[in-house]
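# Reading the structure
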There are 2 protein chains.
Amino acid sequence: MTALKALSKTALTVLYPRQKCTLVLRGNQIRNLMSRQLVYNEFGDPLQVVKYRECEVPALGKQEVLVRMLAAPVNPADINTIQGKYPVKVNLPSIPGNEGVGFVEQVGSEVQDLQRGNKVILATSLQGTWRNLAVFPRTSLTVVPDALGNVEAATLTVNPCTAFRMLSDFVCLKKDDVVIQNGGNSACGQNVIQICKAWGIKTVNVVRDRPEISELKKYLTNLGATYVFTEEEMRSAQIFKGEVKKPMLGLNCVGGKSGAQLLRYMNHSSTMVTYGGMSREPVIVPTSAFIFKNISCHGFWMTEWNKHAPAEAKEQMKDSLIKLMLTKQLKAPTHKLVKLKDFEEALKNALAPQGFAGCKYILDFTD
Amino acid sequence: MTALKALSKTALTVLYPRQKCTLVLRGNQIRNLMSRQLVYNEFGDPLQVVKYRECEVPALGKQEVLVRMLAAPVNPADINTIQGKYPVKVNLPSIPGNEGVGFVEQVGSEVQDLQRGNKVILATSLQGTWRNLAVFPRTSLTVVPDALGNVEAATLTVNPCTAFRMLSDFVCLKKDDVVIQNGGNSACGQNVIQICKAWGIKTVNVVRDRPEISELKKYLTNLGATYVFTEEEMRSAQIFKGEVKKPMLGLNCVGGKSGAQLLRYMNHSSTMVTYGGMSREPVIVPTSAFIFKNISCHGFWMTEWNKHAPAEAKEQMKDSLIKLMLTKQLKAPTHKLVKLKDFEEALKNALAPQGFAGCKYILDFTD
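Residues numbered from 1 in each chain as written. Chains lettered and ligands numbered in written order. Predicted model: local features only at pLDDT ≥ 70, side-chain atom pairs only at ≥ 80, totals over all residues. Heavy atoms only, no water.

Take the packing of aromatic side chains next. Enumeration according to the criterion identifies 16 aromatic pairs over all chains in this entry. With centroids separated by 6.3 Å and ring planes inclined at 90°, the aromatic side chains of Phe170 of chain A and Phe300 of chain A adopt a geometry described as edge-to-face. Taken together, the residues Phe170 of chain A in the loop between helix 5 (159-169) and strand 8 (178-182) and Phe300 of chain A in the loop between strand 14 (296-299) and helix 11 (302-308) connect sequence positions 130 residues apart. Overall, the relative accessible area of 7% leaves Phe300 of chain A in the buried class. A centroid spacing of 5.9 Å and a plane angle of 10° characterise the contact between Tyr227 of chain A and Phe229 of chain A, whose relative ring orientation is stacked. Each member of the pair, Tyr227 of chain A as well as Phe229 of chain A, carries the same accessibility label: buried. Feature note: the residues Tyr86 and Trp301 of chain A together with Phe292 of chain B constitute an aromatic cluster, connected by ring pairs. Against the face of Phe136 of chain A rests Arg131 of chain A, its NZ or CZ located 5.6 Å from the ring centre. (Phe/Tyr/Trp six-rings, centres within 6.5 Å; stacked < 30°, edge-to-face > 60°. Helix = DSSP H or I, 4+ residues; strand = E, 2+ residues; numbered from the N terminus. Buried < 20%, exposed > 50% of the residue type's maximum accessible area, 1.4 Å probe, protein only. Lys NZ or Arg CZ within 6 Å of the ring centre and 35° of its normal.)

Let's shift gears to the packing of helix 5 of chain A against helix 12 (residues 311-326) of chain A. Residue and element names in this part refer to chain A. Two elements in contact, helix 5 and helix 12, have axes separated by 11 Å at closest approach and are oriented at 110°. With respect to helix 12, the axis of helix 5 lies roughly perpendicular. Crossing of helix 5 over helix 12 shows right-handed handedness. Judged by residue contacts, Pro160, Cys161, Phe164 and Arg165 of helix 5 engage Ala313, Met317, Ser320, Leu321 and Met325 from helix 12. Per-class residue counts for the contact of helix 5 with helix 12 are seven nonpolar, one polar and one charged. (Axes fitted to C-alpha atoms, helices over the stretch in contact; angles between N-to-C directions. Parallel < 35°, antiparallel > 145°, perpendicular 65-115°, else oblique. Left-handed = near helix turned anticlockwise from the far one by under 90°. Contact = heavy atoms within 4.5 Å. Nonpolar A, V, L, I, M, F, W, Y, C, P; charged D, E, K, R; others polar.)

The next subject is the domain arrangement of chain A. Residues and elements named next belong to chain A. When cut into domains, chain A gives domain 1 (2-155 + 332-364) and domain 2 (162-303). A separation of 33 Å is found between the C-alpha centroids of domain 1 and domain 2. Between domain 1 and domain 2, the contact holds seven residues from the first and nine residues from the second. When domain 1 packs against domain 2, the two sides together hide about 720 Å² of surface, and 61% of this comes from carbon and sulfur. Taken together, the links from domain 1 to domain 2 amount to zero salt bridges. Run the count over domain 1 and domain 2 and you get two residue pairs in polar contact (both at pLDDT 80 or more). In the side of domain 1 that touches domain 2, the residues fall into five nonpolar, two polar and no charged. (Domains from an automatic or database assignment. Buried area = accessible area lost by both parts, 1.4 Å probe. Salt bridge = Lys/Arg side-chain N within 4 Å of Asp/Glu carboxyl O. Polar contact = N/O pair within 3.5 Å; in protein donor to acceptor, adjacent residues only side chain to side chain.)

Glancing now at the relation of the copies chain B and chain A. Take chain B, turn it by 180°, move it 0.0 Å along the axis, and it overlays chain A with an RMSD of 0.0 Å. Within this description, the copies of the chain are treated as partners about a two-fold rotation axis. When the interface residues of chain B are mapped onto chain A, 100% of them again fall at the interface, so both copies present the same face. (Least-squares fit on C-alpha atoms with pLDDT ≥ 70 in both.)

With that out of the way, let us pick up helix 13 (residues 343-351) of chain B. Considered for burial, the residues of helix 13 of chain B that qualify are Phe343, Ala346, Leu347, Asn349 and Ala350 of chain B. Viewed along the axis of helix 13 of chain B, the buried residues span an arc of 160°, placing them on a single side of the element. (Arc of directions from axis to C-beta.)

Here we come to the packing of helix 6 (residues 187-199) of chain A against helix 7 (residues 213-223) of chain A. Residues and elements named next belong to chain A. Their axes nearest at 8 Å, the elements helix 6 and helix 7 cross at an angle of 45°. One way to sum up the angle between helix 6 and helix 7 is to call them oblique. When helix 6 is examined against helix 7, the residues Gln190, Ile193 and Gln194 are found in contact with a partner set consisting of Tyr219, Leu220 and Leu223. Considering only residue class, the contact of helix 6 with helix 7 consists of four nonpolar, two polar and no charged.

Right, let's talk about the UniProt feature "domain: Enoyl reductase (ER)" (unreviewed entry) in chain A for a bit. In the numbering used here, UniProt assigns the feature "domain: Enoyl reductase (ER)" (unreviewed entry) to residues 45-351 of chain A. Across residues 45-351 of chain A one finds 34% helix and 23% strand; the C-alpha atoms that close the span lie 10 Å apart. (UniProt positions renumbered as here; feature names shortened; annotations may be inferred.)

Further remarks concern the interface of chain B and chain A. The partner chain A presents 26 residues to the 26 residues of chain B that form the contact. Counting each side, the surface lost to burial between chain B and chain A is near 2000 Å², with a carbon and sulfur contribution of 67%. The interface formed by chain B and chain A includes five residue pairs in polar contact (both at pLDDT 80 or more). Mapped by element, the contributors of at least two residues to the side of chain B that touches chain A are strand 13 (283-285), helix 10 (287-291) and strand 14 (296-299) of chain B. At four residues, the largest contribution of residues to the side of chain B that touches chain A is made by strand 14 of chain B. Among the residues making up the side of chain B that touches chain A, the classes are represented as 15 nonpolar, nine polar and two charged. Looking at chain direction, strand 13 (residues 283-285) of chain A and strand 13 of chain B are connected through three bridges and run antiparallel. The residue bridging Val285 of chain A from the neighbouring strand is Val283 of chain B, located in strand 13 of chain B. (Pairing = 2+ DSSP bridges.)

Let us now look at unusual backbone geometry. Residue and element names in this part refer to chain A. A cis amide bond links Leu92 with the next residue in sequence, Pro93, at an omega value of -5°. Relative to the helices and strands, Pro93 is located in the loop between helix 3 (76-83) and strand 4 (101-107). The backbone of Ser269 shows a phi angle near 60°, a positive value even though the residue is not glycine. Looking at the element boundaries, Ser269 is found in the loop between helix 9 (256-265) and strand 12 (271-274).

Moving on, we get to the side chain of Ser296 of chain B. Turning to its location among the elements, Ser296 of chain B is positioned in strand 14. Of the residues examined, Ser296 of chain B reaches a relative accessible area of 12% and is grouped as buried. Beyond its immediate chain neighbours, meaning those up to four positions away, Ser296 of chain B contacts Cys297 and His298 of chain A together with Ser270, Thr271 and Met272 of chain B.

What follows deals with the pattern of salt bridges. Under the criterion given, the structure shown has 30 salt bridges over all chains. In this structure, Lys336 of chain A engages Glu345 of chain A in a salt bridge whose closest nitrogen and oxygen atoms are separated by 2.6 Å. The shortest N-O distance in the salt bridge between Asp177 of chain B and Lys174 of chain B comes to 3.8 Å. The class of Lys174 of chain B is exposed, set by a relative accessible area of 51%.

Have a look at this one:
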């Protein structure tokens, strides 16, 4: 009994370190249920520290929900969190993963608005989706339609939401306005392209040159990109001389020279939002861009937005994105499903992504 | 007559290139009045291209005002404008100077709200204050109290206004809040210190190390600076560990590493405003400052603000600053008065400012 309590406490700490929950053990109805999961006891190289384990599911609290997970992606932020490089406090041991979809298996005694069989995703930035059976607080879950694909649902809350917010919160974009972005082939960049296409907004997408550049251009154009240029091509592009408006919004996930290049084409009084720094160089802004072009620069972090946003805004965003997904205007990322036992392959891919448009590895918990 | 008309047209083009005015010659009441002035016919080295000339004052338009100038400063922006490096369109030949104070000598037939003897300053960014007699559109002038010193009045619209706006428009500062700035000894920086002192706001001022650092610290502390640190001292300063709040506003007129240093001490969700780039290096912002500290970066340019601001906002700012000046809370900059014939000395100083706190050269038109 003491050992079980200790295990439960540990599991809870791992799941939601910011909350103090009191476990109410009610008989042994789920005590014998085993969860297959990944876990790490120390920060470091994911290939070294992440281990597979099987572990008894703790008893359910009154406000908790047992979820049978269907799928959970392996995201770059998961890797950084395991490496201890991500500014999110994680208590060890920790079960990685902060996105995922599953079916409700059982609800706590005070949970009235969820029932067995509901398809749910994580609505807040919790750790702990890399396991087939998981206990989450009710407040962390939100229901999605059964018709929504598992991969779309499992990858809804990071990249599509980041793209949606950056296109909504900084500049009031109207039809035929223009957004310029670097890393147009990034996971978020692909969502930006598709959401803009659906909203009637034009995108100018800057990508690094590469051997398979023509395939990449075709891929992004098929997604809905208005223009795709290499950094070199961008320098001599004439589209802003009458063909399209100058962008009022720039999205930067690269930094360094690439970010500075966006500023050159952006309109007076426009806004650049930085949400990544793939070049590992800082954002470089010419003084004249600030003073004489009145450009403003901001950052965006989905985790922070989720902390402060009202429930209505979250709900509205989720509904909009799901609608786009159900009507095939927003596609699931290029992906590969792997079983939990093959997690090392997924970690390796996340450490060194392959393919020009990235290939997201999704842990598949279905039998 | 033809020659006079040509001269008048030239003079008008120089004065307010953006406006098309129709000269109404009414007799020869001011035709024989000669204006002593500086002028340049081509962009280039100020010491080469700026010439002294005497030139007949053109007849007054209905909405114009003849001003007998008292004083006009030689500002860095004047130098950049003469060099052709400032992004303000100037038609040549041009009379430099966009700040100054004088007495109204005569008003056009439709000017009802100004009269001879009113002390006036330029309220908009016009060129043409470096002359003892000047014709300005009524709309460019605003009255100041007679009690306001000539140097204070002549230097009111650039540096004090820039400091006032940057402290007003980006962050809602409350008593005991903290502003951090580099170039604390710059002309604008000194105004920031004094306005903050008057408003109960603390300032952390970062300056470059120099032989006379202790005199500079004393000088800025006397102006009202809460803290003055060299860049080196700032790195080991412990004041943000409980002594004062972390700054919600940073003011950057240097760029490069100096701007990046400010960001390190600024609070989460704070704002950095760039209004100069003395290091000639771009503004460098770590990606993490944008994403994880949610810092926003903006630019500020007084000229642009003046173009769009409502008259009430301009009036309120002028009144507030004059009140601070009359109560000796905002001092005239360290300065030297020079007669118009000695303008080369003033240009030389502006090209290579002397003294740790700068010494502004003011053209003195009084006899």
